[in-house]
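# Structural features, examined
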Amino acid sequence: MPDLAETDHKQRAYVITGPTSGIGRATAFQLARHGTIVLVGRDPRKLDDVQKTIKKAGGQALPVVCDLSEPSSVRKTVQDIVALELSIIGLVNNAGLHQMRPTKNSVGWDLTFATNHLGPFALTEGLAPHMAEGGNLVFVVSGVEDPERKPAVLAGFRGGRYISAEASARGEWKAGGSALPGGDAYATSKQCNLATVLAFARDRRLHFNAVEPGFTPSSGLSREAGPVLRFLLKYVLPLFAPIVKYWSTPKRAAAVITKVVTDKSGATGVYYDDAGRPMQGSSQVRDPEFAERVVRETRGLLKQAAL
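Note that the structure is predicted; figures quoted are calculated from it, not measured.

Each pocket or cavity is described by its volume, and for the second largest pocket that value is around 200 Å³. P71, V74, R75, V78, F121, A122, E125, G126, R299, L302, A305 and A306 are the residues that line the second largest pocket. For the lining of the second largest pocket, the secondary-structure elements that each account for two or more residues are α3 (71-83), α4 (111-127) and α10 (288-306).

The N-to-C vectors of α3 and α4 enclose an angle of 35 degrees; their axes lie 9 Å apart at closest approach. Once α3 is placed against α4, the crossing between them reads as right-handed. Side by side, α3 and α4 meet where V74, T77, V78, I81 and V82 of the first sit next to G119, A122, L123, G126 and L127 of the second. Among the residues making up the contact of α3 with α4, the classes are represented as seven nonpolar, three polar and no charged.

So, about empty space enclosed by the protein. Across all of its chains, the model carries one cavity of 30 Å³ or more by this definition. Approximately 40 Å³ is the volume attributed to the largest cavity. Along its surface, the largest cavity is lined by L68, S69, P71, V74, W109, A114, L118, G119, A122 and L302. Elements that contribute at least two residues to the lining of the largest cavity include exactly α3 and α4. In terms of residues, the lining of the largest cavity owes the most to one element, α4, which gives four residues. Classifying every residue of the lining of the largest cavity by side-chain character gives eight nonpolar, two polar and no charged.

Right, let's talk about the packing of aromatic side chains for a bit. Applying the stated criterion across every chain yields a total of five aromatic pairs. Here F121 and F200 contribute two aromatic rings whose centre-to-centre distance is 5.4 Å and whose plane-to-plane angle is 50 degrees, an arrangement assigned as tilted. Of the two residues, F121 is situated in helix α4 and F200 in helix α7 (residues 183-200); the sequence distance between them amounts to 79 residues. On the numbers, 5.5 Å between centres and 85 degrees between planes, the contact of Y162 with F290 is edge-to-face. Residue Y162 is located in the loop between α5 (150-154) and α6 (165-169), and its partner F290 is located in helix α10; the two are separated by 128 residues in the primary sequence. Since its relative accessible area comes to 1%, Y162 is described here as buried. F290 gets classed as buried once you look at its relative accessible area, which sits at 5%. Of the aromatic side chains, those joined through ring pairs into one cluster are F121, F200 and F208.

Another point: the nonpolar core. Counting residues in each nonpolar core, the largest one holds 48 residues, and the members touching the most others are V15 and I81. Per-element accounting of this core gives the leading share, seven residues, to α7. With residues up to four places along the chain from it excluded, the contact list for V15 reads V38, V40, I81, I88, G90, L91, V92 and L127. If you look at the next biggest cluster of nonpolar residues, it comprises 25 residues, including I16, I89, V211 and V260.

Let us now look at the sheet that holds strand β5 (residues 136-140). Taken in spatial order, the seven strands line up as β3-β2-β1-β4-β5-β6-β7 in an open sheet, and their pairing is parallel. Unpaired on one side and paired on the other, β3 (61-65) and β7 (271-272) mark the two borders of the sheet. As paired strands, strand β1 (residues 12-17) and strand β4 (residues 87-93) are joined by five bridges and run parallel to one another. Considered in β4, the bridge of Y14 is made with G90. Along the sheet, helix α1 (residues 22-31) makes contact with β1, β2 (36-41) and β4, crossing β1 at roughly 175 degrees.

Here we come to the pattern of salt bridges. Inspection of the entire model under this criterion finds eight salt bridges. The closest approach of N and O atoms between R170 and E172, which form a salt bridge, is 3.1 Å. A salt bridge links E297 to R293, with the nearest nitrogen and oxygen atoms 3.2 Å apart. Separated by four residues within a single helix, E297 and R293 lie in helix α10, roughly one turn from each other. Given the relative accessible area of 22%, E297 is considered partly exposed. Relative accessible area serves as the criterion here: at 25%, R293 is assigned to the partly exposed category.

On average, the protein chain scores 90 in pLDDT, and the residues at 70 or more come to 87%. Throughout residues 225-244 the model reports pLDDT below 50, and contacts reaching past four residues in sequence, or to other chains, amount to 20 contacts.

Each value, and the rule that gives it
- Residues numbered from 1 in each chain as written.
- Predicted model: local features only at pLDDT ≥ 70, side-chain atom pairs only at ≥ 80, totals over all residues.
- Heavy atoms only, no water.
- 1 Å grid on protein atoms, 1.4 Å probe; cavity = no way out; pocket = protein on both sides within 12 Å on 5 of 7 lines; lining within 4 Å.
- Points joined across faces, edges and corners; volume = space filled by probe spheres on them.
- Helix = DSSP H or I, 4+ residues; strand = E, 2+ residues; numbered from the N terminus.
- Axes fitted to C-alpha atoms, helices over the stretch in contact; angles between N-to-C directions.
- Left-handed = near helix turned anticlockwise from the far one by under 90°.
- Contact = heavy atoms within 4.5 Å.
- Nonpolar A, V, L, I, M, F, W, Y, C, P; charged D, E, K, R; others polar.
- Phe/Tyr/Trp six-rings, centres within 6.5 Å; stacked < 30°, edge-to-face > 60°.
- Buried < 20%, exposed > 50% of the residue type's maximum accessible area, 1.4 Å probe, protein only.
- Core = buried A, V, L, I, M, F, W, Y, C linked by side-chain atoms within 4.5 Å.
- Pairing = 2+ DSSP bridges.
- Salt bridge = Lys/Arg side-chain N within 4 Å of Asp/Glu carboxyl O.
- pLDDT = per-residue confidence, 0-100.

Okay, here's the thing in structure tokens:
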């Protein structure tokens, strides 16, 4: 594969998941100033809308339909993206889900864990060998994985509750978790995202980093929310973002993500906060043995699904 310095602006491509709403949509628009955007999402009509908007602004975008919760869909997506023969220099794993009522995918996995961790993990491992040397891969994570992070605790989270990849796929979490509906599934999936970044960062050919986007009410994570709550999350609560600590907006979060995925400093294994400053994850996720275990068990689970 060529290295980053050998690709010109027109050839450069960035892959982003979940680009049709919230942080992902805002990031896709900002990234389009830096190269071709591969839009990975579930809804063809929404992907088409984003593609048209980017083209109208003078950018280039290509839609690829994918359900990240389904292993077979992710495998096909990797093949479809590779077939485009683009020089991929960046990947943003942004798509996420926080289910209030747990459901399963077609192979019986917890939908939140599959969408947030297993799918992005498989997409990353599938695309990484085809990326230009020096490329950047960014996972959008969440501070709720840390049981000692005060804002997360006040919101009702109790940190990641990881037992094993198989247990997580079954929707089983370590005892003593959150009373929030879907809280343990979401926090654990985000802890696994961050563990993946820290483990993968030991590969020096590519750069792996994570971004905590801050509390972003209009991000569209909770698809199951009722109409009143959706209205509040999308239109009312974001108005308070400029004056409340840890609150952000899709545009602000996108600016940080875009800066990290286009960065040429070679930084890797860094966890950035909503202002783009390095921060620390939980003590558990910073344990190299834990991070390696998450990666090893995830690979094993995905290998079984491919048989």
